[in-house]
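Inside the fold
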Amino acid sequence: MHGPRTSPRSEYLLKEKQRVLESPSLAEKFHKLKSLTVDLVHFDPEGVTKNSQIKYTVNLEHAKSVFRFGCHNHECVRGDFDLSDVLTQAVTAKRKSVSGEARCQGWRSRSTIDTVPCRNILRYKFTLGY
Ligand SMILES: [Zn+2]
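Residues numbered from 1 in each chain as written. Predicted model: local features only at pLDDT ≥ 70, side-chain atom pairs only at ≥ 80, totals over all residues.

Some points on the overall build of the protein
- Looking only at helices and strands, the protein features 3 helices and 6 strands.
- In terms of overall dimensions, the protein has a C-alpha envelope of 45 × 40 × 20 Å along the principal axes.
- Looking at the 130 residues of the protein, the share that counts as buried comes to 20%.
- Taking the intrachain contacts of the protein between residues at least 6 apart in sequence as the baseline, contacts between residues at least 24 apart amount to 65%. (Helix = DSSP H or I, 4+ residues; strand = E, 2+ residues; numbered from the N terminus. Buried ≥ 20, exposed ≤ 12 C-beta atoms within 10 Å, placed from the backbone. Contact = placed C-beta atoms within 7 Å.)

Next comes the structure, spelled out in C-alpha coordinates:
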(Lines give C-alpha, C1' and ligand atoms only; values in the text may rest on other atoms or scores of the structure.)
Protein backbone atom coordinates (compact mmCIF):
# COMPACT_ATOMS: atom_id res chain seq x y z
CA MET A 1 0.00 0.00 0.00
CA HIS A 2 2.94 2.38 0.38
CA GLY A 3 3.69 3.73 -3.07
CA PRO A 4 6.27 6.39 -3.77
CA ARG A 5 3.57 9.09 -3.77
CA THR A 6 2.49 8.65 -0.16
CA SER A 7 3.42 11.23 2.41
CA PRO A 8 2.34 11.80 6.02
CA ARG A 9 -0.14 14.35 4.63
CA SER A 10 -1.70 12.17 1.94
CA GLU A 11 -1.89 9.14 4.22
CA TYR A 12 -3.75 11.15 6.83
CA LEU A 13 -6.12 12.71 4.30
CA LEU A 14 -6.93 9.33 2.80
CA LYS A 15 -7.72 7.89 6.22
CA GLU A 16 -9.89 10.86 7.10
CA LYS A 17 -11.71 10.66 3.78
CA GLN A 18 -12.51 7.03 4.54
CA ARG A 19 -13.76 7.94 8.02
CA VAL A 20 -16.10 10.55 6.51
CA LEU A 21 -17.40 8.16 3.86
CA GLU A 22 -18.17 5.49 6.43
CA SER A 23 -20.15 7.81 8.69
CA PRO A 24 -23.94 8.14 8.39
CA SER A 25 -25.39 11.22 6.70
CA LEU A 26 -26.50 14.15 8.86
CA ALA A 27 -30.14 13.30 8.04
CA GLU A 28 -29.59 9.73 9.27
CA LYS A 29 -27.83 10.78 12.45
CA PHE A 30 -29.98 13.77 13.39
CA HIS A 31 -33.63 13.07 12.66
CA LYS A 32 -34.75 16.29 14.33
CA LEU A 33 -32.50 18.54 12.28
CA LYS A 34 -34.29 20.05 9.30
CA SER A 35 -31.85 22.69 8.08
CA LEU A 36 -28.25 23.70 8.61
CA THR A 37 -26.33 26.69 7.35
CA VAL A 38 -22.62 27.05 7.98
CA ASP A 39 -20.61 30.22 7.89
CA LEU A 40 -16.86 29.57 7.86
CA VAL A 41 -14.03 32.07 7.99
CA HIS A 42 -10.44 30.89 7.73
CA PHE A 43 -7.66 32.87 9.40
CA ASP A 44 -3.92 32.56 9.76
CA PRO A 45 -2.57 31.56 13.24
CA GLU A 46 -2.48 35.20 14.36
CA GLY A 47 -6.20 35.53 13.62
CA VAL A 48 -5.60 38.71 11.62
CA THR A 49 -5.39 37.75 7.95
CA LYS A 50 -8.66 36.41 6.61
CA ASN A 51 -7.91 33.74 4.03
CA SER A 52 -11.42 32.94 2.89
CA GLN A 53 -15.03 33.11 3.90
CA ILE A 54 -17.76 30.75 2.79
CA LYS A 55 -21.40 30.47 3.73
CA TYR A 56 -23.68 27.74 2.48
CA THR A 57 -26.68 25.60 3.27
CA VAL A 58 -25.74 22.01 3.98
CA ASN A 59 -27.53 19.23 2.13
CA LEU A 60 -28.43 17.01 5.09
CA GLU A 61 -29.06 13.96 2.91
CA HIS A 62 -25.60 14.09 1.35
CA ALA A 63 -23.39 15.64 4.01
CA LYS A 64 -21.75 13.16 6.36
CA SER A 65 -21.94 13.29 10.13
CA VAL A 66 -18.17 13.25 10.45
CA PHE A 67 -18.35 16.98 9.94
CA ARG A 68 -14.89 18.21 9.06
CA PHE A 69 -13.40 21.07 7.09
CA GLY A 70 -10.02 21.24 5.46
CA CYS A 71 -7.25 23.47 6.78
CA HIS A 72 -6.23 26.16 4.32
CA ASN A 73 -2.56 25.45 4.82
CA HIS A 74 -1.84 23.26 1.80
CA GLU A 75 1.16 21.67 3.52
CA CYS A 76 -0.65 21.00 6.78
CA VAL A 77 -0.04 17.49 8.14
CA ARG A 78 -2.63 15.67 10.33
CA GLY A 79 -4.68 18.79 10.92
CA ASP A 80 -8.02 20.16 9.68
CA PHE A 81 -11.08 21.03 11.70
CA ASP A 82 -13.45 18.33 12.92
CA LEU A 83 -16.62 20.03 14.14
CA SER A 84 -18.64 16.83 14.57
CA ASP A 85 -18.78 17.22 18.35
CA VAL A 86 -19.75 20.89 18.13
CA LEU A 87 -22.62 19.99 15.83
CA THR A 88 -23.72 17.00 17.93
CA GLN A 89 -23.82 19.12 21.08
CA ALA A 90 -25.75 21.89 19.31
CA VAL A 91 -28.38 19.48 17.95
CA THR A 92 -28.68 17.63 21.26
CA ALA A 93 -29.31 20.94 23.04
CA LYS A 94 -31.62 22.06 20.21
CA ARG A 95 -29.63 25.25 19.79
CA LYS A 96 -30.68 27.52 16.93
CA SER A 97 -27.20 28.82 16.40
CA VAL A 98 -23.74 28.08 17.63
CA SER A 99 -20.50 29.84 16.89
CA GLY A 100 -16.93 29.51 17.95
CA GLU A 101 -13.33 29.24 16.97
CA ALA A 102 -11.26 26.14 16.28
CA ARG A 103 -7.51 25.83 15.91
CA CYS A 104 -5.85 23.43 13.54
CA GLN A 105 -4.03 20.75 15.56
CA GLY A 106 -1.81 19.68 12.68
CA TRP A 107 1.79 20.43 11.78
CA ARG A 108 2.79 23.37 9.59
CA SER A 109 4.47 21.13 7.00
CA ARG A 110 5.98 17.67 6.62
CA SER A 111 9.42 19.04 7.47
CA THR A 112 8.19 20.49 10.77
CA ILE A 113 6.37 17.46 12.15
CA ASP A 114 6.80 17.41 15.96
CA THR A 115 8.30 20.91 15.91
CA VAL A 116 6.09 23.62 14.35
CA PRO A 117 2.32 23.32 14.81
CA CYS A 118 -0.10 24.65 12.18
CA ARG A 119 -2.52 26.51 14.46
CA ASN A 120 -4.57 28.03 11.64
CA ILE A 121 -7.89 29.37 12.88
CA LEU A 122 -11.39 28.58 11.69
CA ARG A 123 -14.22 30.75 12.97
CA TYR A 124 -17.54 29.09 12.44
CA LYS A 125 -21.20 29.77 12.84
CA PHE A 126 -23.91 27.13 12.44
CA THR A 127 -27.55 28.08 12.06
CA LEU A 128 -29.85 25.17 12.80
CA GLY A 129 -33.50 24.56 12.06
CA TYR A 130 -35.76 21.85 13.52
ZN1 LIG B 1 -3.57 23.09 9.49
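Resuming the write-up.
Some details on the sheet that holds strand 1 (residues 35-43)
- One open sheet accounts for 4 strands, arranged 2-1-6-5; its pairing is antiparallel. A single partner strand is all that each edge strand has here, and the edge strands are strand 2 (50-57) and strand 5 (97-103). Between one strand axis and the next, the sheet turns through 10° on average, direction left out of account.
- Along the sheet, helix 3 (residues 84-92) contacts strand 5 and strand 6 (121-129); its crossing angle with strand 6, the most-contacted strand, is approximately 30°. (Pairing = 2+ DSSP bridges. Axes fitted to C-alpha atoms, helices over the stretch in contact; angles between N-to-C directions.)

Focus: unusual backbone geometry
- Although it is not a glycine, Asp80 adopts a positive phi angle of roughly 80°.
- Mapping Asp80 onto the fold places it in the loop between strand 3 (68-69) and strand 4 (81-82).
- One non-glycine residue with positive phi stands out, namely Lys94, at about 55°.
- You can see Lys94 is positioned in the loop between helix 3 and strand 5.
- Accessibility expressed as a C-beta count within 10 Å gives 10 for Lys94, which makes it exposed.

Overview of helix 3
- All buried positions along helix 3 are accounted for by Leu87, Ala90 and Val91. Seen along its axis, helix 3 keeps its buried residues to an arc of 95°; they face one direction. The exposed residues of helix 3 that point more than 90 degrees off its buried face are Asp85, Gln89 and Thr92.
- Next to the buried residues of helix 3 lie strand 5 and strand 6. (Arc of directions from axis to C-beta.)

Here's the deal with the environment of Ile121
- Relative to the helices and strands, Ile121 is located in strand 6.
- Distance from Ile121 to Phe43, taken between C-alpha atoms, is 4.9 Å for residues 78 residues apart in sequence.

Comments concerning the environment of Asp39
- Position of Asp39 relative to the elements: it lies in strand 1.
- We classify Asp39 as partly exposed; it has 15 C-beta atoms within 10 Å.
- Along the backbone, Asp39 and Gln53 are 14 residues apart, and their C-alpha atoms lie at a distance of 7.4 Å.
- Residue contacts for Asp39: discarding those within four places in its chain leaves Lys55, Tyr124 and Lys125.

Examining the pairing of strand 2
- Counting buried positions along strand 2 gives 0 out of 8 residues, so the element sits mostly on the surface.
- By the bridge criterion, 7 bridges tie strand 1 to strand 2 in an arrangement that is antiparallel. Following the sheet pairing, Val41 is matched in strand 2 by Gln53.
- In this antiparallel pair of consecutive strands, strand 1 and strand 2, the connection spans 6 residues, and Gly47 shows a positive phi of 75°.

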